[in-house]
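Listed below are the residues making up each chain.
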Number of protein chains: 2
Amino acid sequence: MADTDHAFQPPARLRGLASWQANKVSTLGARLTAQRMPLSARADFAVLAALEEYGALSQAEIGRRLGLDRNDVSGILNRLESDRQVDRQADPANRRRNLVTVTAAGRRHLEELQQHADAVQAELLAGLDTAERRQLQSLLAKLLDSHKPQPA
Amino acid sequence: MADTDHAFQPPARLRGLASWQANKVSTLGARLTAQRMPLSARADFAVLAALEEYGALSQAEIGRRLGLDRNDVSGILNRLESDRQVDRQADPANRRRNLVTVTAAGRRHLEELQQHADAVQAELLAGLDTAERRQLQSLLAKLLDSHKPQPA
DNA sequence: TCGGCTATGTTGGGTGAGCCAACGTTGGCC
DNA sequence: GGCCAACGTTGGCTCACCCAACATAGCCGA
């Protein structure tokens, strides 16, 4: 069993790299997510969550809050708008900006996606107990906070 | 300052998702990496590390150890082989398989990439102290171990 | 011995994320 | 009024991940 155990182990040089570990966890999360919904729903969830928490936002603000590029935000909003989950209208106070708001359908979709997201988290973190999960999330949060100025 | 502090915060629904956090850390690592080398060097590093630690491997074994698809391994090896960092020859004992080995140039390149990788880790983990770094890496390792059967 | 099954490596393609460059529009500032 | 910055859009590029199909080669049981 020790044989089969170490047979598929990644090399030590990678197991020690936090960036490699994080990348693997990330694609693991993507795999689990893809089993429940189209992968593009991840971006939808992020945008809807931002609008639900902060109210009307311009596209540039959405991008800054989520760490996304302006053009990517544009594409996501096109999809969401054609599904009537989001409302996009010119800001009368500043005609450069589009004020984006969630619709009732968008809120419903957001809650639905939250269910799937919670299920994915449970699956992803299945190997950790409650204390370890909180520890991991808090360490990741601290790491991300320390890189605040990350304007994608 | 509290105003500017919360101005670019991601929504709480995302801050609580371990998969979202891991994804952000992963792209952060990719960004830091890209500042020092072409991004494709990450795959090169992984393959070279596997060959250096485990000796001659078939392409399928490389893929299983690193969580990569067979076709992607193929492409990476084409690049490495044309750079003379890797040797690919038919296994006499099983002519379906290619036995892949690192060359001296490959080992040199691996050490060089390791330097850059270490620098990236230092930058990525700058916000955590030594104990927190070890804790984070061990939690990520435990999480990945709990998902062992992940044959990409 | 032969037929089916699996493993291997290759090619080609498809999607999504992340990023950069360019453009026209609009606002703010001197 | 003129310059610079911000905004949204379009188009394009690279990379990671994944799926399908194919030909070759080993395995194993009938």
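Residues numbered from 1 in each chain as written. Chains lettered and ligands numbered in written order. Predicted model: local features only at pLDDT ≥ 70, side-chain atom pairs only at ≥ 80, totals over all residues. Heavy atoms only, no water.

Chain A carries the name HTH marR-type domain-containing protein in an unreviewed UniProt entry, which gives Streptomyces yokosukanensis as its organism.

## Focus on the relation of the copies chain B and chain A
Each copy of the chain is related to the other by a rotation around an axis and a translation along that axis. When chain B is fitted onto chain A, the two copies agree to an RMSD of 0.1 Å after a turn of 180 degrees and an axial shift of 0.0 Å. Here the two chains are linked by the operation of a two-fold rotation axis. Across chain B, the smallest distance between a C-alpha and the rotation axis is recorded for A22 of chain B, namely 2.6 Å. In this assembly, 100% of the residues forming the interface of chain B have copies in chain A that are likewise at the interface, indicating an isologous arrangement. (Least-squares fit on C-alpha atoms with pLDDT ≥ 70 in both. Contact = heavy atoms within 4.5 Å.)

## Thoughts on the side chain of S19 of chain A
By the secondary structure assignment, S19 of chain A is in helix α3 (residues 18-34). We classify S19 of chain A as buried; its relative accessible area is 14%. Here Q121 of chain B takes part through its side chain, which lies 2.8 Å from a polar atom of the side chain of S19 of chain A. Apart from the residues within four sequence positions on either side, S19 of chain A is in contact with G29, Q121 and L124 of chain B. (Helix = DSSP H or I, 4+ residues; strand = E, 2+ residues; numbered from the N terminus. Buried < 20%, exposed > 50% of the residue type's maximum accessible area, 1.4 Å probe, protein only. Polar contact = N/O pair within 3.5 Å; in protein donor to acceptor, adjacent residues only side chain to side chain.)

## Quick notes on the protein's contact with DNA strand D
Taken together, 25 residues lie around DNA strand D, and R31, Q59, A60 and S74 of chain A together with N71 of chain B are the ones closest in. Residue S74 of chain A places a side-chain N or O atom 2.5 Å away from a phosphate oxygen belonging to DNA strand D. Note that a phosphate oxygen of DNA strand D is positioned 2.8 Å from one of the backbone N or O atoms of R95 of chain B. If you list the elements that add at least two residues to the surface near DNA strand D, you get α3, α5 (59-66), α6 (70-82) and β2 (94-102) of chain A together with α6 (70-82) and β2 (94-102) of chain B. (Near = heavy atom within 4 Å.)

## Here we look at the interface of chain B and chain A
Listed by partner, the interface residues are 63 residues for chain B and 64 residues for chain A. Between chain B and chain A, a total of about 5900 Å² is buried, with carbon and sulfur atoms accounting for 60% of that surface. At the junction of chain B and chain A, the tally comes to 8 salt bridges. Across the salt bridge formed by R13 of chain B and E52 of chain A, the nearest N and O atoms sit 3.2 Å from each other. At the junction of chain B with chain A, the criterion picks out 28 residue pairs in polar contact (both at pLDDT 80 or more). (Buried area = accessible area lost by both parts, 1.4 Å probe. Salt bridge = Lys/Arg side-chain N within 4 Å of Asp/Glu carboxyl O.)

## Some thoughts on the pairing of β2 of chain A
All names here are of chain A. Pairing geometry for strand β1 (residues 86-91) and β2, over 6 bridges, is antiparallel. Each residue of the ladder has a partner; that of D87, found in β2, is T101. Where β1 hands over to β2, the hairpin turn is made up of 2 residues, counted between the paired strands. (Pairing = 2+ DSSP bridges.)

## Digging into the nonpolar core
Ranked by size, the top nonpolar core spans 78 residues in total, and within it I62 and L136 of chain A together with I62 and L136 of chain B carry the most contacts. Ignoring any residue separated from it by four or fewer positions in sequence, one finds L136 of chain A in contact with L125 and L128 of chain A together with L136, L139, L140 and L143 of chain B. (Core = buried A, V, L, I, M, F, W, Y, C linked by side-chain atoms within 4.5 Å.)

## Notes on the layout of surface pockets
The computed volume of the largest pocket comes to approximately 530 Å³. Mapped by element, the contributors of at least two residues to the lining of the largest pocket are α3 of chain A together with α3 (18-34), α4 (41-54) and α7 (104-124) of chain B. At 6 residues, the largest contribution of residues to the lining of the largest pocket is made by α3 of chain A. (1 Å grid on protein atoms, 1.4 Å probe; cavity = no way out; pocket = protein on both sides within 12 Å on 5 of 7 lines; lining within 4 Å. Points joined across faces, edges and corners; volume = space filled by probe spheres on them.)

## Here's the deal with the packing of aromatic side chains
Applying the stated criterion across every chain yields a total of 0 aromatic pairs over all chains. The ring of Y54 of chain A has R65 of chain A lying over it, and the distance from NZ or CZ to the ring centre is 3.9 Å. (Phe/Tyr/Trp six-rings, centres within 6.5 Å; stacked < 30°, edge-to-face > 60°. Lys NZ or Arg CZ within 6 Å of the ring centre and 35° of its normal.)

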